[in-house]
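Single-letter residue listing:
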Amino acid sequence: MGYHIPWRRFFLFLPVLCVSLSNIHHTSYACSVEERAALMEIRSSLERANTTAPRSWGRGGNCCSWERVNCSGSGRTRRVSHLYLSKLYDISTVPHGSRLFWSFNTTVFSEFSELQFLDLSWNYPCSLMSDGLVGLKLTKLQYLNLSGNWLRQGILAPLGELVSLQVLDVHSNGMSGALPIAVFENLTNIRELNLSDNQFNGSLPKALLVLPHLKILDLSENSLVGNIPISSSSDEEPASLEVLNLNNNDMSGALPTEQAFQYLRNIRELHLGSNQFSGKLSAFLFSLPHIERLDLSGNHFEGPIPVNLSSNLSMSLKSLRFSQNNLSGKLSFFWLRNLTELEEIDLSGNTNLTVRVNIPGWVPPFQLKQLTLSGCDLDKGIIQEPHFLRTQLYLEELDLSNNNLSGSMPNWLFTKEATLVNLNLGNNSLTGSLLPIGHPQTALQTMIISNNHITGQLPMGFGSIFPCLSTLDFYHNNFYGQIPMSLCHINRMRLLDLSNNNFSGELPPCVFTDFPDLWIFSISNNQLGGLVFGGMNNLSVGFALHLGNNKFEGPLPPLLSGSLVILSLYDNKLSGELDPSFWNLSRLGVLNLSGNRITGKIHPKICNLTSIEILDLSDNNFSGPIPKCTSASLNSFNLSGNSLSGDISHGLFSTPNLVTLDMRYNKLTGNLSWLEDLGNISALSLGWNEFEGQVTPNLCKLCPRIIDLSHNKLSGSLPPCLGRIFCDRKTIEITNPFLLLYVIMEIYITVKDTRGFTFGTKGNQYTYGYNFYDKMSGIDLSGNMLSGEIPWELGNLSHIKSLNLSNNFFNGQIPVSFANMSEIESLDLSHNELTGPIPWQLTRLWMLGVFSVAYNNLSGCIPNSGQFGSFAMDSYQGNTNLHNMSQGDECSPSHGSGAGDTPPEGSDRITDNPVLYAVSAASFILAFWTTIAFMVCHPAGWKVILKSAKLLSWCCRF
């Protein structure tokens, strides 16, 4: 008789059975009630902070099944052993306007008595900042990560009670002061200690190096000073330390001796980069028994690398980083022939180090992943005859920049098997073209070939050949033709620079809209045309867009949107009026629309640019008044070359931080009393307007380096206080790394992609870059109706390089005090009503290159010594009573100096003592020829000459 199974009832009952079994399972292996309550308290604190807690927290009674939680143990109750709470507080999810702080009771972690692993990193800002982990009895905790929480140093003190701790990570917290060695001495089981990216100062305590089980110590990116504290005692047990990272500190001195380094003979990785260590490298460093990675880059080491054909190098060496030192001598890669594990070589920035790479017929036993040889004395044929490079089949990074290498573009690098991730061949002399490549380079992310002579068109399938690029820099080559549409297929692009080439045609509109991660796009100085932005208004470029000096045309699109900080469109063919919506780009910090054909009035909505720092609207057709705005950020403002009008006697705008102001060539009227509000001005250019009234004494309260008030309707006499107008500005010390990065970026932008500041001197207009403060200081008051005597106090301007007072109605004599202008290069006093002689003391102005007193009423003799021997008669014409000296004669007090050429007592600091001048002249001549003899004949003198030439060539590049 068989059994009959009621299948229908069984399937109906099956779900109930599964739920029951599940509940039995959870009941048998659930976490403790206290642990569950602690996690729920953390969840509640997150909800109070208006952020989202992990979704699974609170679902079911077993917290061991919740995300970010692991449990261990067996039996009916398991215990929480691991908590992965990194970035648990996500500030990006907090609603706008809410308080940005996660407040919770840190003692809640006391409930996890079996906890072994706790990661609380990157939860800033939260209660850990002030409360830390006080009073916790986590006796089994082995791993603790508190990095990225901006903790106070005092927070570390209680951690000394965590006796089982093996790994402690508190990097990126901004902690300062001396290292709290007492805390770490209690952590006798510690194996890995990461204190990097803080602000710890003082010396490195030796007690840290002697912790009995410590194998990894990372103190990089702090402010530690002094040397490495290891002694040469032979009876000390060697430290357990295997990895020591002291990169990016201020440590100095010579490295410890070979005997002292025996204390660190277990070391595998030694990172000492970016410090102030000095001296010569010792051979023993390359023979340490376990050494794998040796980083001495960015220091002041000098002399040769102590490696030769017979060197006994450690076979474990994998990485050698010696860049940015003063190393010299010769290094042949053949001397590294026994290093079978070698993966990385970085010798960049050692200009006197001769590096021999190409050894025909030699196949090295190592396969490098990184080869960085920028700015070395490198084999010039490394690309033309790539014997060595062809043997390296797994290169991921290759940097041969700044070597003046010749040869054709090395298309042979792009093989089917290529593993290159970063390629930098910039600043060389490569020629040829970028040929179509049959194999996609899916690994390549960075490609820099800027400042070469590469020509040809970009392959039509460029985006398919290099689909994963994030940085593409082809700046300053000879590429031509159209930009291929396939470029838009590279959706990971972050920096794209095709500027200073000969590209033509229209840009594909997708380049402005289809790069979601593009940060900087520069294509200035080409021959591109078509509608600006391709007519698109939804720009995806996130930071900087450089389109200057092309042929883009049409009006700027209305309703322009995006998050641009820098927009440069100078020297194009833009036209029409600016739509009022344009000024809604409130994040703009740099805007350059100069050199276009834009018309209409400047809309008052320009005041919406609350973050603007550099604003250049010059050389357009703007008309009407200038809107009056308040801007605390505006640093440079250029409105020159328009048709702006209006009376600005009562002030232009409130800009307390304005440094450069250029409003030349407009139709502005009023007086200059408002200048006193420009307390930080360094370059003031208001020439070729219709300003009237006197030169206000308020100008003397400022410290400008350049003043151009020429070709206005100013009248009256000059205030004597102008003689003290130039003053030294305080140097701003930048210590915040984020601010420093921003300043570097701003300098790059200004030097690379703006037209500079223009000032007339020596009869010509000169354009100065971002650093005009060091190159020019001058006053131009020409073409006005100024009158009266020239104040002798102007002679106190000892650092002035250009002074133009021409085309006015000045009378009286030329002040003798002008001889104090020791750096003057151009002095124009022409077309006035000056009388009397030319002071012979001016012959001591050795830097004077341009001088004119034409069309005055001067009399007496023309000086013919010093620089005055080089000036043509055009400098003196129009003075009927002024004549040349007879041959062999000189200008002196007895020859036409005339009565009255000496200023009133106490007014000029020039003493007319011919004996003193004779002694001074003789001393100068003796010192001059002694210096020449030293520099030509003495070896040290040649060093001075060579260094000066090198410095000059470096400066000229900017």
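Please read all numbers here as calculations on a predicted model, not as lab measurements.

1. With respect to the overall build of the chain
Right, on to step 1. For the chain, the count of helices and strands is ten helices and 59 strands.
Right, on to step 2. For the chain, with 958 residues in total, the buried portion stands at 50%.
Right, on to step 3. Put simply, 57% of the contacts in the chain that link residues at least 6 apart link residues at least 24 apart.
Right, on to step 4. Total accessible area on the chain is roughly 43600 Å²; 53% of this is exposed by carbon and sulfur atoms.

2. A word on the pairing of strand E48 (residues 713-716)
Right, on to step 1. Going residue by residue along E48, you find Leu 714 and Gly 716 tucked away on one face and Lys 713 and Ser 715 left uncovered on the opposite face.
Right, on to step 2. Inspection of the sheet shows strand E46 (residues 690-693) paired to E48 by two bridges, in the parallel sense. Residue pairing for E48: Gly 693 is matched across the bridge by Leu 714.
Right, on to step 3. Pairing between E48 and strand E52 (residues 785-789): two bridges, direction parallel. In the sheet register, Gly 716 faces E52, and the bridge partner there is Leu 786.

3. Observations concerning the packing of aromatic side chains
Right, on to step 1. Tallied over the full model, the rule gives 27 aromatic pairs.
Right, on to step 2. On the basis of an interplanar angle of 45° and a centroid distance of 6.4 Å, the ring pair of Phe 109 and Phe 112 is categorised as tilted.
Right, on to step 3. On the accessibility criterion, Phe 109 (1% relative accessible area) is buried.
Right, on to step 4. Judged by relative accessible area, Phe 112 falls into the buried class, the value being 0%.
Right, on to step 5. Among the aromatic residues, ring-to-ring pairing joins Phe 414, Phe 462, Phe 466, Phe 474, Phe 479 and Phe 503 into one connected group.
Right, on to step 6. A cation over a ring is seen here: Arg 337 above Phe 334, with NZ or CZ 5.3 Å from the ring centre.
Right, on to step 7. In this structure, Arg 390 packs its charged tip against the face of Trp 412, placed 4.7 Å from the ring centre.

4. What about the environment of Trp 688?
Right, on to step 1. Looking at the secondary structure, you find Trp 688 in the loop between strand E45 (683-685) and E46.
Right, on to step 2. Spatially, the C-alpha atoms of Trp 688 and Lys 713 are 9.4 Å apart, while their sequence positions differ by 25 residues.
Right, on to step 3. Setting aside chain neighbours within four positions, we find Trp 688 in contact with Arg 664, Tyr 665, Asn 666, Ser 710, His 711 and Asn 712.

5. Re the pattern of salt bridges
Right, on to step 1. For the coordinates displayed, the defined rule picks out 15 salt bridges.
Right, on to step 2. Between Glu 344 and Arg 293 there is a salt bridge, with its nearest N and O atoms 4.0 Å apart. One end of the pair, Glu 344, is in strand E19 (residues 344-346); the other, Arg 293, is in strand E15 (residues 293-295), and 51 residues separate them in sequence.
Right, on to step 3. For Glu 344, a relative accessible area of 12% corresponds to the buried category.
Right, on to step 4. Salt-bridge contacts for Arg 321 lead to Asp 295; the nearest nitrogen and oxygen are separated by 3.8 Å. Taken together, the residues span a long stretch of sequence, with Arg 321 in strand E17 (residues 319-321) and Asp 295 in strand E15 at a distance of 26 residues.
Right, on to step 5. Under the relative-accessibility criterion, Asp 295 is labelled buried at 6%.
Right, on to step 6. Counted as one network, the salt bridges with shared partners bring together Arg 293, Asp 295, Arg 321, Glu 343, Glu 344 and Asp 346.

6. Focus on the sheet that holds strand E8 (residues 199-203)
Right, on to step 1. Spatially, E6-E8-E10 is the arrangement adopted by the three strands of the open sheet, whose pairing is parallel. For this open sheet the edge positions go to strand E6 (176-177) and strand E10 (223-225), each flanked by a neighbour on one side alone.
Right, on to step 2. Of the strand pairs in this sheet, E8 and E10 are connected by three bridges, and their pairing is parallel. By the bridge assignment for E10, Gly 202 is matched with Leu 224.

7. Observations regarding the state of the cysteines
Right, on to step 1. For the structure on display, the rule yields five disulfides.
Right, on to step 2. Sulfur-sulfur distance for the disulfide between Cys 64 and Cys 71 comes to 2.1 Å. Disulfide Cys 64 to Cys 71: torsion about the S-S bond roughly -95°, handedness left-handed. Like Cys 71, Cys 64 is buried.
Right, on to step 3. With a sulfur-sulfur separation of 1.9 Å, Cys 700 is cross-linked through a disulfide to Cys 721.

8. Quick word on the side chain of Glu 269
Right, on to step 1. With respect to the helices and strands, Glu 269 occurs in strand E13 (residues 269-271).
Right, on to step 2. Despite its burial, Glu 269 remains without a salt bridge, the nearest opposite charge being carried by Arg 293 at 4.0 Å.
Right, on to step 3. At 3.0 Å, the side chain of Glu 269 forms a polar contact with the side chain of His 271.
Right, on to step 4. Here Glu 269 is in contact with Glu 242, Val 243, Leu 244, Ile 291 and Arg 293, once residues within four sequence places are set aside.

9. Thoughts on helix H2 (residues 33-48)
Right, on to step 1. The end-to-end C-alpha distance of H2 is 23 Å, a good match for the 22 Å that 16 residues give at a rise of 1.5 Å each.
Right, on to step 2. Those residues of H2 not exposed but buried are Glu 35, Ala 38, Leu 39, Ile 42, Ser 45 and Leu 46. Along H2, the residues classed as buried sweep out an arc of 115° about the axis, all on the same side. Exposed positions of H2 whose direction lies more than 90 degrees from the buried face are Val 33 and Arg 48.
Right, on to step 3. Count one or two residues on from H2 and you reach Asn 50, which has phi positive near 60°.

10. Concerning the side chain of Asn 804
Right, on to step 1. Topologically, Asn 804 is positioned in strand E53 (residues 802-804).
Right, on to step 2. Judged by its relative accessible area of 15%, Asn 804 is buried.
Right, on to step 3. A polar side-chain atom of Asn 804 sits 2.7 Å from a polar atom in the side chain of Ser 806.

11. Digging into the sheet that holds strand E22 (residues 377-378)
Right, on to step 1. Spatial strand order, E12-E14-E16-E18-E20-E22: six strands in an open sheet with parallel pairing. Strands with a single pairing partner mark the edges of an open sheet, and in this sheet they are strand E12 (252-253) and E22.
Right, on to step 2. In this sheet, strand E14 (residues 276-280) lies alongside E12 in parallel orientation, the contact comprising two bridges. Note on E14: the bridge partner recorded for Ser 252 is Gln 276.

12. Points about the nonpolar core
Right, on to step 1. Ranked by size, the top nonpolar core spans 248 residues in total, and within it Phe 109, Phe 333, Leu 347, Phe 533 and Leu 661 carry the most contacts.
Right, on to step 2. A total of four residues in this core trace back to one element, the largest contributor, which is H2.
Right, on to step 3. Ile 520, Phe 543, Val 565 and Ile 566 belong to the second largest nonpolar core, which has seven residues in total.

13. A word on the UniProt feature "domain: Leucine-rich repeat-containing N-terminal plant-type" (unreviewed entry) in the chain
Right, on to step 1. In the numbering adopted here, UniProt assigns the feature "domain: Leucine-rich repeat-containing N-terminal plant-type" (unreviewed entry) to residues 34-72.
Right, on to step 2. A helix fraction of 38% and a strand fraction of 10% characterise residues 34-72, whose end C-alpha atoms lie 16 Å from each other.

14. Some thoughts on the pairing of strand E18 (residues 326-332)
Right, on to step 1. Across two bridges, strand E16 (residues 300-303) lies against E18 in parallel orientation. Across the sheet, Glu 302 pairs through a bridge with Asn 326, a residue of E18.
Right, on to step 2. As defined by bridge partners, E18 adjoins strand E20 (residues 352-356) across five bridges and the pair is classed as parallel. Across the sheet, Ser 332 pairs through a bridge with Arg 356, a residue of E20.

Rules used in this analysis
- The numbering scheme is per chain: residues are counted from 1 as the chain's sequence reads.
- Local features are withheld for residues below a pLDDT of 70 in this predicted model, meaning they are given only at 70 or higher, and side-chain atom pairs are given and counted only at 80 or more; totals for whole chains, interfaces and linings count all residues.
- Hydrogens and waters are ignored; side-chain quantities use all the structure's heavy atoms.
- Under the scheme used here, helices are H or I runs from DSSP no shorter than 4 residues and strands are E runs no shorter than 2 residues, and both carry numbers assigned from the N terminus.
- Each residue is assigned to one of three classes by its accessible area relative to the maximum for its type, calculated with a 1.4 Å probe on protein chains only: buried under 20%, partly exposed between the two thresholds, exposed over 50%.
- Residue contacts are counted whenever heavy atoms from the two residues lie within 4.5 Å of one another.
- In these tables, accessible area is a Shrake-Rupley quantity obtained with a 1.4 Å probe, and a residue counts as shielded only by the protein chains included in the view.
- A pair of strands is considered paired only if DSSP assigns at least 2 bridges between the two.
- When two rings of Phe, Tyr or Trp (its six-membered ring) have centres within 6.5 Å they constitute a pair, described as stacked for plane angles under 30 degrees, edge-to-face for angles over 60, and tilted for the intermediate range.
- Note on geometry: a ring has a charge over it if NZ (lysine) or CZ (arginine) is within 6 Å of the ring centre and within 35 degrees of the ring normal.
- Just to be clear on terms, a salt bridge is a Lys or Arg side-chain nitrogen sitting within 4 Å of an Asp or Glu carboxyl oxygen.
- Cysteine sulfur atoms are paired as a disulfide whenever they come within 2.5 Å of each other.
- When charges are counted, Lys and Arg are positive and Asp and Glu negative, with His and the chain ends excluded.
- Think of a polar contact as two N or O atoms within 3.5 Å of one another; within protein, one of them needs to be a possible hydrogen donor and the other a possible acceptor, and neighboring residues in sequence only count if both atoms come from side chains.
- To estimate the expected span of a helix, subtract one from its residue number and multiply by 1.5 Å.
- Of all possible arcs, the one meant is that of the directions from the helix axis to the C-beta atoms.
- Among the buried residues, those of types Ala, Val, Leu, Ile, Met, Phe, Trp, Tyr and Cys that are joined through side-chain atoms within 4.5 Å form a nonpolar core.
- UniProt positions are given in the numbering used here, feature names are shortened, and annotations may be inferred rather than shown by experiment.

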